[in-house]
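Below, each chain spelled out in residue letters.
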Amino acid sequence: MDLWDFLEYAAWAASALFGLFIVIDWIKTDSTYSEEFLTSSREGELEALTEEQHHRG
Amino acid sequence: MANAQQTEHVGLARVLGPAHVWALGVGIVLVGEYMGWNFAVGKGGAYAALMACWFAGILYTCVAMIDSEVTSTVAAAGGQYTQAKHIVGPLMAFNVGLYLVFAYTMLEAANAITVGFLVDTVATMTGHEGGLDQRPFIILAIMFLAWLNYRGVLATLTFNLVITAIAFTAVIILFLATSGIFTTSPLQHKDLMSGPAALPYGWLGVLAAMHFGLWYYLGIEGTTQAAEEVRSPARSLPFGTLAGVMTLAIAATLTWYVSSGLMPWEYLGQAGVPLFDAARLSGSTFLMVLLGIGTLFATLASANGCINDASRAWFAMGRDRYLPGWFGAVHPRYRTPYRAIIFLVPIALIFALGAPIDQVITFSILSGLLEYTFMPLNIILFRKKWPLESIKRGYEHPFHPLPAYVLLGLCGITFFAVFLGYGTQLVAMIAFYIVVSLWFHFWRYRFVNRGAQFTMPWPKPRGY
Amino acid sequence: MAKYTAPVQSKIGQIVDVIVLLIMAIGALYIPLWMGMAGSSKEPVAIENPTWEALGQNPVMVGQWEKLGYSDPASAAELITARFDYSFSISSLIVMIVVIVGYYAILLRFSEKEYRDVIAEKFGE
């Protein structure tokens, strides 16, 4: 066992940790909010916003 | 959180400035100078690689000009996908969306493979025996960056700005240190490129080198994906993109100059981490460590930008029901397309852990090439359907239609270059896109609302 | 033109569509790999008892090879003599051109058809 063997284990552990964070937050988010709210983003809304900025600018 | 619940809808957050656009564009591409470009040397020799570098530079200048004009008008996540939807038509848009997702996801996989290779090299150099399991490091790179992307775009691209700047500075320092300005130069271009080593394949090799010549710049067009998150897209996107192409043309030429002055072309043409090798040959430990860190940062910055861009494209297609609508979700707190980010993680892992790197790179290059071939068609139709006076553009590119035809011609040459040596993949790849196109046209398109997907506040196009 | 209302896709339908797309994508990369047709056609030429001179290397090149860790000509011989085979038949070139041009022709044709519906519905007639 040298430093690199420990690093290998550390990398596995850190990967699992990041994965776990993502999955837990994903499940939490999906169960807290309604599907309509989560998928309510529309392309045009943001475009209308930029147009507004243009006119003002 | 309570705040987000009160507003009735949730969208991406508009938080980025021009420096982030530069970091996104250059960050994805700079890794191309640290690995991959040198396969062009293998396909045609050192001079051929330099010529390919400049021809590819012309190609990408056309790409940046055309893209800037359209994007400064069509500012939406999804970038070229959204452009195609408004200008050419739904099936083209679906294909372009897939080009984007595959070009970036494959590039991400190639970056992760390089991280694993680099860690292994360093472990061997520091005396580790028995080999290293590269897998945990490949997985860690992808998981960490996915997590960063999941948590929000501002932190993600600020991180990219810092590591990209460091990696770019490392290339400049390597050039200055070996150029002979301060000490005698170790570069020996004259002898290394004499006789048959000048153009080992003749002029055909120059053509063939165009294949990997694209790798010097591949991904710069990804800046457009940030359109919904940039504060003033009409100004920031053209500025960030054009500054990015100039940065890369400089970095690419310097990289070529230093590397070809230190390594025989036969070695350089197959090297895994050429700039790191160049630093090693310069005889300076400082340079070696610096370029090692530069390689690591460049690969991370690139993979990071790729996750960002691929997920935006996938998200935009989900939002329009080109793909299952489930993917069109935005995280209420982090304001990121979180389901698209999650979905692309296992895909990147499958290719990073299971496929050889030159295949993955070729898959990425081909998807990019198909996308660049679409761009001239796009701009020609754009100017025809909406002439300059009909809608206000944030940026108008000069000399139209000359850049479009130059780009089309260079794409044709590059198709031929890929055909030399990698013809089977080229055909397999296009067969894939044909099958997918038929699937979309005859099946998937029924779930898409017709008029509603046209979201730009534009007048009716000419001729319809 | 009457407004087209898209059907809402069921959860299972969504999953099936994603799987179909994935199979096609992974297939496009892995099928050429499995059939052994992928990759570059780069073959080294065997040379017996290679010397640096026979490999066409001048003293400066030899110096750099040695710094790279290739201390004798035999170890570098494979790298140096490997060459791509750029010979190709006109027929395979024609096949490639037909495939690429045909692909874009299909794309533009179907896109145009779908695009006319979009514009007709968006701007009304």
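Just so it is clear, the model here is predicted, and its values are computed rather than measured. (Residues numbered from 1 in each chain as written. Chains lettered and ligands numbered in written order. Predicted model: local features only at pLDDT ≥ 70, side-chain atom pairs only at ≥ 80, totals over all residues. Heavy atoms only, no water.)

1. Details of the overall build of chain A
Thinking step 1. The helix and strand tally for chain A stands at 3 helices and 0 strands.
Thinking step 2. The order of helices and strands in chain A, counted from the N terminus, is α-α-α.
Thinking step 3. When the accessible surface of chain A is summed, it comes to about 3600 Å², and 68% of that surface belongs to carbon and sulfur atoms. (Helix = DSSP H or I, 4+ residues; strand = E, 2+ residues; numbered from the N terminus. Areas by Shrake-Rupley, 256 points an atom, 1.4 Å probe, with all protein chains shown as cover.)

2. Description of the overall build of chain B
Thinking step 1. Across its full length, chain B holds 17 helices and 0 strands.
Thinking step 2. For a compact globule of 464 residues, the expected C-alpha radius of gyration is about 23 Å, and chain B comes in at 22 Å, within 12% of that figure.
Thinking step 3. In terms of principal-axis extent, the alpha carbons of chain B reach across some 65 × 50 × 40 Å.
Thinking step 4. Expressed as a percentage of the 464 residues in chain B, the buried residues total 70%.
Thinking step 5. Partitioning the intrachain contacts of chain B with sequence separation of at least 6 by distance along the chain shows that 84% fall at a separation of at least 24.
Thinking step 6. Averaging the coordinates of the 25 positive side-chain charges in chain B and doing the same for the 20 negative ones gives two points 14 Å apart. (Rg over C-alpha atoms; globule rule 2.2 N^0.38 Å. Buried < 20%, exposed > 50% of the residue type's maximum accessible area, 1.4 Å probe, protein only. Contact = heavy atoms within 4.5 Å. Lys, Arg positive; Asp, Glu negative; His and termini not counted. Charge placed at Lys NZ, Arg CZ, Asp CG, Glu CD.)

3. Re the pattern of salt bridges
Residues and elements named next belong to chain B.
Thinking step 1. In the structure shown here, the tally under the stated rule is 16 salt bridges over all chains.
Thinking step 2. With a closest N to O distance of 2.5 Å, D320 and K85 form a salt bridge. Taken together, the residues span a long stretch of sequence, with D320 in the loop between α14 (285-319) and α15 (338-354) and K85 in helix α5 (residues 80-87) at a distance of 235 residues. K85 shares its class with D320; the two are buried.
Thinking step 3. Across the salt bridge formed by D277 and R280, the nearest N and O atoms sit 3.0 Å from each other. Here D277 and its partner R280 are both found in helix α13 (residues 274-281), 3 residues apart, which amounts to about one turn of the helix.
Thinking step 4. Relative accessible area serves as the criterion here: at 4%, D277 is assigned to the buried category. (Salt bridge = Lys/Arg side-chain N within 4 Å of Asp/Glu carboxyl O.)

4. Thoughts on the packing of helix α4 (residues 46-71) of chain B against helix α16 (residues 357-385) of chain B
Residue and element names in this part refer to chain B.
Thinking step 1. Closest axis-to-axis distance for the α4/α16 pair is 10 Å, and the angle between their directions is 40°. On the basis of the axis angle, α4 is oblique to α16. The element α4 and its partner α16 pack so that their crossing is left-handed. Counting all contacts with α4, which are made through L59, Y60, V63, I66, D67, E69 and V70, the residues of α16 involved are Y372, M375, N378, I379, F382 and R383.
Thinking step 2. Looking at the contact of α4 with α16 residue by residue, the class counts come to 9 nonpolar, 1 polar and 3 charged. (Axes fitted to C-alpha atoms, helices over the stretch in contact; angles between N-to-C directions. Parallel < 35°, antiparallel > 145°, perpendicular 65-115°, else oblique. Left-handed = near helix turned anticlockwise from the far one by under 90°. Nonpolar A, V, L, I, M, F, W, Y, C, P; charged D, E, K, R; others polar.)

5. Quick notes on the environment of D25 of chain A
Thinking step 1. By the secondary structure assignment, D25 of chain A is in helix α1 (residues 3-32).
Thinking step 2. Expressed as a C-alpha distance, the spacing of D25 of chain A and S40 of chain A, which sit 15 residues apart in the sequence, is 19 Å.
Thinking step 3. Setting aside anything within four residues of it in sequence, one finds D25 of chain A in contact with Y150, H331, R333 and Y334 of chain B.
Thinking step 4. Of note is the side chain of D25 of chain A, whose polar atom sits 2.7 Å from the side chain of Y150 of chain B.
Thinking step 5. A distance of 2.7 Å separates a polar atom in the side chain of D25 of chain A from a polar atom in the side chain of H331 of chain B. (Polar contact = N/O pair within 3.5 Å; in protein donor to acceptor, adjacent residues only side chain to side chain.)

6. Looking at the side chain of R393 of chain B
Residue and element names in this part refer to chain B.
Thinking step 1. Considering the arrangement of structural elements, one finds R393 in the loop between α16 and α17 (402-442).
Thinking step 2. Under the relative-accessibility criterion, R393 is labelled buried at 7%.
Thinking step 3. A distance of 2.9 Å separates the side chain of R393 from the side chain of E69, its partner in a polar contact.
Thinking step 4. Of note is the side chain of R393, whose polar atom sits 3.4 Å from the backbone oxygen of I391.
Thinking step 5. Non-local contacts of R393, meaning those with residues more than four positions away in its chain, are made with E69, S72, T73, F382, R383, W386, P387 and L388.

7. Thoughts on unusual backbone geometry
Thinking step 1. With omega at 5°, the peptide bond leading from H400 of chain B into P401 of chain B counts as cis.
Thinking step 2. Unusually for a residue other than glycine, R321 of chain B sits at a positive phi of about 70°.
Thinking step 3. Topologically, R321 of chain B is positioned in the loop between α14 and α15.
Thinking step 4. You will see that N49 of chain C, though not glycine, has its phi angle at about 40°, which is positive.
Thinking step 5. Note that N49 of chain C resides in the loop between β1 (42-43) and α2 (59-67).

8. Quick notes on the interface of chain A and chain B
Thinking step 1. Facing the 35 residues of chain A at the interface are 58 residues of chain B.
Thinking step 2. Counting each side, the surface lost to burial between chain A and chain B is near 3900 Å², with a carbon and sulfur contribution of 63%.
Thinking step 3. Broken down residue by residue, the surface that chain A buries against chain B is led by W4, F37 and E43 of chain A, which jointly contribute 20%.
Thinking step 4. The tally of links between chain A and chain B comes to 5 salt bridges.
Thinking step 5. Close ionic contact of R339 of chain B with D30 of chain A constitutes a salt bridge, the shortest N to O distance being 3.1 Å.
Thinking step 6. Our count for the contact surface shared by chain A and chain B stands at 16 residue pairs in polar contact (both at pLDDT 80 or more).
Thinking step 7. Where the side of chain A that touches chain B is concerned, the elements lending two or more residues are α1, α2 (35-38) and α3 (43-56) of chain A.
Thinking step 8. Per-element accounting of the side of chain A that touches chain B gives the leading share, 16 residues, to α1 of chain A.
Thinking step 9. Considered class by class, the residues forming the side of chain A that touches chain B number 14 nonpolar, 10 polar and 11 charged. (Buried area = accessible area lost by both parts, 1.4 Å probe.)

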